[in-house]
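Okay, here's what each chain looks like letter by letter:
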Amino acid sequence: MEEGKYAKELDVAVRVVHMACSLCQRVQQKLVSSSDDGHVKSKDDDSPVTVADWSVQATVSLMLSETLVENLSIVAEEDVQTLTKADSEGLLAAVVNTVNECLAEAPKFGLQSPPGALGTSQILEAISRCSSNGGPAGRYWVLDPVDGTLGFVRGDQYAVALALIEDGKVVLGVLGCPNYPLKKELLNYPQNYNQTKSKTSLSTTATWEKGCVMYARRDGGGAWMQPLIHGDRMLEWPNSATQIWVSPIVDPALATVCEPVERANSNHSFTSGLAETVGLRTQPMRVHSMVKYAAIARGDAEIFMKFARAGYKEKIWDHAAGVIIIEEAGGVVTDAGGRPLDFSRGVFLENLDRGIIACSNAILHEKIVDAVYASWDSSNL
């Protein structure tokens, strides 16, 4: 990776996200091939959390702390409350085992493994230390260990998202998308890619064409994509990295819009009405997680709109990595009023004007923002 500000941090972050993707692939394979749901729990908001969520958070926390010589501050989604309950002994043991398996593979990704297996208390501490509240000053990492956990447990799309924020601004982002095809023609939306393509129907080569890591740093020469590594292969830098760009499409009738799958925290009816107003004609791509950001950054789609239902507040870990990757790939991301997203206010995107709009270019973005202003008064938000 070329030298410059945040070059070392980005190098380490990309390697760590590759590790996390490998971990997630193993856990997801076990989940979708087994009827045992003991390693899936529900949080207070009824959203699922799995062995992978805690294991990735512990792994990223440990590897960043060991590799980067600094007093790390990390904002992340999970805590240890569920893991430390009396009835979670088996779940905790699975997390400890999963983390140690992943750490043992660190040399494969150009990182150093601990000298021996870590104990339960060390892994719980690694998860717990990700408790920063963010804010406008200083440097802190932002992690969503498994973004789109519902998609993850269904064998569908999900992402590992890691970003670095300095003085309230996102300065680098890494997005691991283990189930996202490397080639656009392998996309199979709105159907579930993993469920519609059985493992027996795909050749080994085709299977290995699935999974990538996208990354960018502020003013660092664009956005890039690497394929995941498989089997016993080593991560060889820069791992066949290719630069990615947003789509050149400016005609709304030809543009593809991404929408969240979950209806619980987004207003699909307003989005559908807005799409009709703007003149969008193609079938929406409804996909779990920040894979939506990846799709726009790589030119597979042109628009992502999310208008939250009343009472829902967007978290910074659900957007930070994806925003900088789209912007460095040539796209635009703002709130619905056209203002940049504010990552300096803590764990939530405070003062968000109605919703989030990500577009491949300024022409489409302006049309969407204008349509929001024209349609808002008649909406049912």
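Since this is a predicted model, take the numbers as computed values, not measurements.

Attention shifts here to the packing of aromatic side chains. Taken as a whole, this structure holds four aromatic pairs when the rule is applied. Aromatic pair Tyr293 and Phe304: ring centres 5.4 Å apart, planes at 80°, arrangement edge-to-face. On the criterion of sequence distance, the pair formed by Tyr293 in helix H9 (residues 291-297) and Phe304 in strand E12 (residues 303-306) is long-range, its members being eleven residues apart. The same class applies to Tyr293 and to Phe304, which are both buried.

So, on to the side chain of Thr98. Considering the arrangement of structural elements, one finds Thr98 in helix H3 (residues 89-104). Setting aside its immediate chain neighbours within four residues, Thr98 contacts Leu23, Val27, Val51 and Ser55.

With that settled, the discussion passes to the UniProt feature "binding site: Mg(2+)" (unreviewed entry) in the chain. Those residues carrying the UniProt feature "binding site: Mg(2+)" (unreviewed entry) are Glu77, Asp144, Asp147 and Asp318 in this numbering. For the residues just named, distributed over 242 residues, the greatest C-alpha separation is only 9.5 Å, placing them together at one site. Residue placement: Glu77 occurs in the loop between strand E3 (74-76) and H3. For Glu77, a relative accessible area of 27% puts it in the partly exposed group. In this structure Asp144 comes out as buried when scored by relative accessible area, which is 1%. Those residues in contact with Asp144, other than ones at most four positions away along the chain, are Glu77, Ala159, Val160, Ala161, Trp317 and Asp318.

Rules of the game
Residues numbered from 1 in each chain as written. Predicted model: local features only at pLDDT ≥ 70, side-chain atom pairs only at ≥ 80, totals over all residues. Heavy atoms only, no water. Phe/Tyr/Trp six-rings, centres within 6.5 Å; stacked < 30°, edge-to-face > 60°. Helix = DSSP H or I, 4+ residues; strand = E, 2+ residues; numbered from the N terminus. Buried < 20%, exposed > 50% of the residue type's maximum accessible area, 1.4 Å probe, protein only. Contact = heavy atoms within 4.5 Å. UniProt positions renumbered as here; feature names shortened; annotations may be inferred.

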